[in-house]
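Coordinate inspection notes
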Amino acid sequence: KFFPDRRGAALISASRDGALLAELVGRFGYETVRGSSSRQGATALRQLAEVIADGGNVVITPDGPRGPAYQLGPGIIFLAQKTGAAVVPLSMEYSSCWRLRSWDRFILPKPFSKVRAILGGPHAVARTSTDAEFENERRKLEQVLLDLLERK
């Protein structure tokens with residue numbers, strides 16, 4: 001909806017639960033890349049890098065498949081550094097939804113609920129040469145995402 005002329009792909013867990021989400025995402029016309037930090041991660045990152053290289057958008061849930069919730073995983077930093085792509089944070093809120101009893105309290109919007117998308121500005125991730133610098137970039141982007149939640 002926000003970038004109608006650009007194709008894209010969403011990173012979705014390679015788990016059985018992820019299969020349901022992948023089917024739903026596919027119905028909205030987005031490709032899916034299956035993988036996570038614990039399954040097929042390197043392959044998934046290569047596929048996402050190809051999508052970016054071809055001019056597409058990539059959608060990644062920032063806290064990964066196991067959390068903890070609201071803690072940014074390293075994959076998005078690694079991908080942004082390798083591709084040079086900026087990260088555009090996006091938060092969604094729903095007028096009516098179900099919350100699953102999972103570690104991340106996964107949200108499913110109820111039919112006909114209103115959706116509010118909160119889009120942040122592009123965030124450039126600097127290249128790093130040490131683990132400490134990498135962690136600093138991860139924390140900076142994590143704070144950008146948390147600040148976006150506060151804008152609700």
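Refer to the structure printed above.
This text gives an overview of the structure that appears in the document. (Residues numbered from 1 in each chain as written. Predicted model: local features only at pLDDT ≥ 70, side-chain atom pairs only at ≥ 80, totals over all residues. Heavy atoms only, no water.)

Thoughts on the side chain of glutamate 137
Rules: Secondary structure elements follow DSSP: runs of H or I no shorter than four residues count as helices, runs of E no shorter than two count as strands, and numbering proceeds from the N terminus. For the exposure calls, accessible area comes from a 1.4 Å probe over protein chains only, and a residue counts as buried if that area is under 20% of its type's maximum, exposed if over 50%, partly exposed in between. When checking whether two residues touch, look at their non-hydrogen atoms; a contact exists if any pair is within 4.5 Å.
Examined against the element boundaries, glutamate 137 turns out to sit in helix α4 (residues 131-150). The exposure class assigned to glutamate 137 is buried, which follows from its relative accessible area of 6%. Ignoring sequence-local partners within four residues, the contact set of glutamate 137 consists of Ile77, Ala124, Val125, Ala126 and Thr128.

Here we look at the sheet that holds strand β3 (residues 57-59)
Test applied: Strands were regarded as paired on the criterion that DSSP finds at least two bridges between them. Axis definition: a line fitted to C-alpha atoms, limited for helices to the stretch in contact. Angles are taken between N-to-C directions and run from 0 to 180 degrees.
The strand order β2-β1-β3 describes an open sheet built from 3 strands, whose pairing is parallel. At either margin of the open sheet sits one strand with a lone partner, and together these are β2 (31-34) and β3. Averaged over all adjacent pairs, the angle separating strand axes in this sheet is 30 degrees, with direction ignored. Bridge count for strand β1 (residues 8-12) against β2 is 4 bridges, and the pairing is parallel. Paired with alanine 9 across the two strands is glutamate 31, which belongs to β2.

Quick word on the environment of leucine 48
Along the chain, leucine 48 falls in helix α2 (residues 41-53). According to the relative accessible area criterion, leucine 48 is buried, its value standing at 0%. Along the sequence, leucine 48 and arginine 34 sit 14 residues apart, while their C-alpha atoms lie 10.0 Å from each other. If we ignore the near neighbours within four places in the chain, the residues touching leucine 48 are Leu11, Val33, Val58, Ile60 and Leu79.

Section: α4
To keep things clear, this is the line we draw: Between the first and last residue of a helix there are one fewer steps than residues, each counted as 1.5 Å, and that sum is the expected span. What the arc measures is the spread of directions leading from the helix axis to the C-beta atoms.
Compared with the 28 Å implied by 1.5 Å per residue over 20 residues, the 29 Å span of α4 between its first and last C-alpha is a close match. Within α4, burial applies to Phe134, Glu137, Arg138, Leu141, Glu142, Leu145 and Leu148. Looking down the long axis of α4, one finds its buried residues gathered within 135 degrees of arc, a one-sided arrangement. Those residues of α4 that are exposed and aimed more than 90 degrees away from the buried face are Ala132, Arg139 and Glu150. Those residues of α4 hidden inside the fold are in contact with α3 (75-83), β4 (90-94) and β7 (115-119).

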